[in-house]
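Notes for the structure review
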Amino acid sequence: RDNKRMAKLLSDAKLRIPTACVEDVDMSPKRELDRALFRQLATGRWIADRQNVLITGMTGVGKSYLACALGQLACRLGFRVAYKRVPRLFEELALAHADGTYVRLLARLAKVDVLVLDDWGLAPLTDQQRRDVLELLEDRHGLRSTVVTSQLAVENWHDYIAHPTIADAVLDRLVHNAHKVKMKGPSRRKEKAQAIA
């Protein structure tokens, strides 16, 4: 029965990389991953403590893989997970505004134990998107965990949001109880491409 439940949780999560798992994360020195922090995250304690995880780094360093691995870990521990690429999430929210399902969509996202927001900060935000992010995080703050991946360093997020009041409110709900993972090293995609060539 446990296997069935986990299979359902994984299926519902719709992780971009469903095979990603914390045991397979490359800890080689060139990636400069904080081993102590990683070991701590691998226990899943941050989920029970309702803490967030912010994963930053250049394109191709494995941010999405790590986020999906943490999502898969959460499923294995029996938590409900949802994976969303931020650009697609904004499209979903815009449609929900238009067809009257916005409140229902927010309520659904609020109930998920771990929400993975991949690719935060790719394009400038509209006023509506700023408000949507704040509403989404307000519903989850102190109650659920959120994992965010971004090419932008966390210290640049305030400028990225580009609205001082909303930026303060968003960062207050996201950053202060968060584990920050800065990923380095060469692009994994480039390395794979070179290995094939």
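Everything below is about the structure printed above this text.
Rules used in this analysis
- Residues numbered from 1 in each chain as written.
- Predicted model: local features only at pLDDT ≥ 70, side-chain atom pairs only at ≥ 80, totals over all residues.
- Heavy atoms only, no water.
- 1 Å grid on protein atoms, 1.4 Å probe; cavity = no way out; pocket = protein on both sides within 12 Å on 5 of 7 lines; lining within 4 Å.
- Points joined across faces, edges and corners; volume = space filled by probe spheres on them.
- Helix = DSSP H or I, 4+ residues; strand = E, 2+ residues; numbered from the N terminus.
- Nonpolar A, V, L, I, M, F, W, Y, C, P; charged D, E, K, R; others polar.
- Axes fitted to C-alpha atoms, helices over the stretch in contact; angles between N-to-C directions.
- Parallel < 35°, antiparallel > 145°, perpendicular 65-115°, else oblique.
- Contact = heavy atoms within 4.5 Å.
- Salt bridge = Lys/Arg side-chain N within 4 Å of Asp/Glu carboxyl O.
- Buried < 20%, exposed > 50% of the residue type's maximum accessible area, 1.4 Å probe, protein only.
- Pairing = 2+ DSSP bridges.
- Expected span 1.5 Å × (residues − 1).

**Quick notes on empty space enclosed by the protein**
- One pass over the structure, following the stated rule, counts two cavities of 30 Å³ or more.
- Taken as a whole, the largest cavity encloses approximately 70 Å³ of empty space.
- As for the largest cavity, its lining consists of Val86, Leu89, Phe90, Leu117, Trp120, Val133, Leu136, Leu137, Val148 and Leu174.
- Secondary structure elements with two or more residues in the lining of the largest cavity: helix H5 (86-99), strand S3 (114-120) and helix H7 (127-140).
- Looking at the lining of the largest cavity residue by residue, the classes come out as ten nonpolar, no polar and no charged.
- Volume-wise, the second largest cavity comes out at about 40 Å³.
- Taken together, Asn52, Leu137, Arg140, His141, Arg144, Thr146, Arg173 and Leu174 make up the lining of the second largest cavity.
- For the lining of the second largest cavity, the secondary-structure elements that each account for two or more residues are H7 and helix H9 (164-174).
- Residues of the lining of the second largest cavity, tallied by class, amount to two nonpolar, three polar and three charged.

**Examining the packing of H5 against H7**
- Look at H5 against H7: their axes get within 11 Å of each other, and the N-to-C directions meet at 95°. In terms of orientation, H5 lies roughly perpendicular with respect to H7. Residues Leu89, Phe90, Leu93 and His97 of H5 form the contact with H7, whose participating residues are Gln128, Gln129, Asp132, Val133 and Leu136.
- Looking at the contact of H5 with H7 residue by residue, the class counts come to five nonpolar, three polar and one charged.

**A short note on the pattern of salt bridges**
- All chains considered together, the criterion is met by eleven salt bridges.
- Between glutamate 92 and lysine 84 there is a salt bridge, and its shortest N-O distance comes to 3.0 Å.
- Glutamate 92 sits in the partly exposed class, given a relative accessible area of 28%.
- A relative accessible area of 15% means that lysine 84 is categorised as buried.
- Among the charged side chains, a salt-bridge network with shared partners connects Arg16, Arg85, Asp118 and Asp119.

**Re the sheet that holds strand S4 (residues 145-150)**
- Within the open sheet, the five strands sit side by side as S2-S3-S4-S1-S5. Their pairing is parallel. The strands lining the two open edges of the sheet, one partner per strand, are strand S2 (81-85) and strand S5 (178-182). Strand-to-strand, the axes of this sheet are offset by a mean angle of 15°, without reference to chain direction.
- In the packing of helix H2 (residues 35-42) onto the sheet, the strands contacted are strand S1 (52-56) and S5, and the crossing angle to S5 comes to about 130°.
- Relative to S1, H9 is tilted by about 110°, and along the sheet it contacts S1, S4 and S5.

**Here we look at helix H1 (residues 2-13)**
- With twelve residues, H1 should cover 16 Å at 1.5 Å per step; its first-to-last C-alpha distance of 16 Å lies within 8% of that length.
- One or two positions beyond H1, positive phi appears at lysine 14, with a value near 50°.

**What about the packing of H5 against helix H6 (residues 102-111)?**
- Following both chains from N to C, one finds H5 and H6 inclined at 140°, their axes separated by 7 Å at the closest point. When the axis of H5 is compared with that of H6, the two are oblique. Between H5, through Leu89, Glu92, Leu93, Ala96 and His97, and H6, the contact on the second element is made entirely by Tyr102, Leu105, Leu106, Arg108 and Leu109.
- Its residues assigned to classes, the contact of H5 with H6 comprises seven nonpolar, one polar and two charged.

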